[in-house]
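Here is how the chains run, residue by residue.
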Amino acid sequence: MTAGGLPHAEVALVDLLDRLLAGGVVITGDLSLCIADVELVRISLRALLTSVEAATEGILT
Amino acid sequence: MISEPDTPPPADLTDAVYAYAVLLRNEAAERAARELRGVDGLPVRILRGADTAAVVSDVPADAFTEEAIAQRLDDITDLERLARDHHQVIAALASQTAVLPLRLARVYLDDDSLLRRLHVDAGYFRTTLNQLEGHDEWGVKIYAHPPTTTPPPGDRPRSGRDYLRARRTSRDGHDLAHQAAADLGARVDRTLAEANLATDVRHHRPQPAALSAKPGENVVNAAYLVPRKHTRSFQDRVEVLATGTVGLRLEITGPWAPYSFASPPPEQAERADPAIPQTTP
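Residues numbered from 1 in each chain as written. Chains lettered and ligands numbered in written order. Predicted model: local features only at pLDDT ≥ 70, side-chain atom pairs only at ≥ 80, totals over all residues. Heavy atoms only, no water.

## A short note on the packing of helix 1 (residues 13-22) of chain A against helix 4 (residues 76-94) of chain B
- Two elements in contact, helix 1 of chain A and helix 4 of chain B, have axes whose closest approach is 10 Å; the angle formed by their N-to-C orientations is 65°. When the axis of helix 1 of chain A is compared with that of helix 4 of chain B, the two are roughly perpendicular. Seen along the crossing, helix 1 of chain A lies across helix 4 of chain B with a hand that is left-handed. Between helix 1 of chain A, through Leu-13, Leu-16, Leu-17 and Leu-20 of chain A, and helix 4 of chain B, the contact on the second element is made entirely by Ile-76, Leu-79, Glu-80, Ala-83, Arg-84, His-86 and His-87 of chain B. (Axes fitted to C-alpha atoms, helices over the stretch in contact; angles between N-to-C directions. Helix = DSSP H or I, 4+ residues; strand = E, 2+ residues; numbered from the N terminus. Parallel < 35°, antiparallel > 145°, perpendicular 65-115°, else oblique. Left-handed = near helix turned anticlockwise from the far one by under 90°. Contact = heavy atoms within 4.5 Å.)

Okay, here's the thing in structure tokens:
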């Protein structure tokens, strides 16, 4: 961990998505796309979980 | 008679503006931003307002329609690429100046649309960016790691009754570990606040167990806003609190740009500038 600077090591995607989908400021305006935030979260979470299931399928069976 | 086509030039039809962050106008950070690559490897530029600026990329509008975004999010490879491209721009800028990250996948029709909001919400941006200056976000995740009550591999329950008994024992252990993790989380909150090592806190939803590569159940998923000068004390204090706890695992992540502190907390959102609602209409 480096104090002051931001880390060069790759951050975990799940930690990143916590912040990108629930955090961040929401500036309304003439958005060209109007996907609801709850949909952003739902779809991303599904993609994450599906990928984990696919990766562990061989181990669990 | 020659009639002029009354449609705007193609560029206006095909471009949209993808926004990453808002910052106070700052020559060094703006110069750094122009060197960056953003979503889909596209160049990054600065859109200047009066005293704030937005960091944006021009993107093909058809690659960022609602449907196209939904498809990207639904594919783990595309989702990860989009998230990391977005993050990379923000992380690079956060090492230079205070930034207010935008939520993922904010795409505006044009510069004017975004500039109008920069202007209307200028007060909120200025105040928040001044508060965030000199601070980093740090994540603290606490996992309950119940004492091994499950039979070792290969030792499968022989009957349904064996199975149910094992489940009951396992559940009691689970509840205790869960409570201990929540207690530790509360202790971390209290200690950091009392010692002025964190100026704000947000609690994210615990992460689904399936997403943790390591064993244990995520119970606490907190984010703290830590003055940069207290970075080491923050880490030391948190690690001391976690020392000696049984059945718990604590993980610190960061430093992060202040993603979790960019919006007003949910309970204050109603009283905050109504121009910045928590959700898009």
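## Looking at the pattern of salt bridges
- Evaluated as defined, the whole model comprises 19 salt bridges over all chains.
- When the shortest N-O distance is used, the salt bridge between Arg-19 of chain A and Glu-137 of chain B registers 2.5 Å. Residue Arg-19 of chain A is found in helix 1, and its partner Glu-137 of chain B is found in strand 5 (residues 135-144); the two belong to separate chains. Of the two residues, Arg-19 of chain A and Glu-137 of chain B, both sit in the buried class.
- Here Glu-80 of chain B ties to Arg-84 of chain B by a salt bridge, and the two come within 2.9 Å at their closest N and O atoms. Highlighted residues: Glu-80 of chain B and Arg-84 of chain B, both in helix 4, separated by four residues, approximately one helical turn.
- Owing to a relative accessible area of 16%, Arg-84 of chain B belongs among the buried residues under this scheme. (Salt bridge = Lys/Arg side-chain N within 4 Å of Asp/Glu carboxyl O. Buried < 20%, exposed > 50% of the residue type's maximum accessible area, 1.4 Å probe, protein only.)

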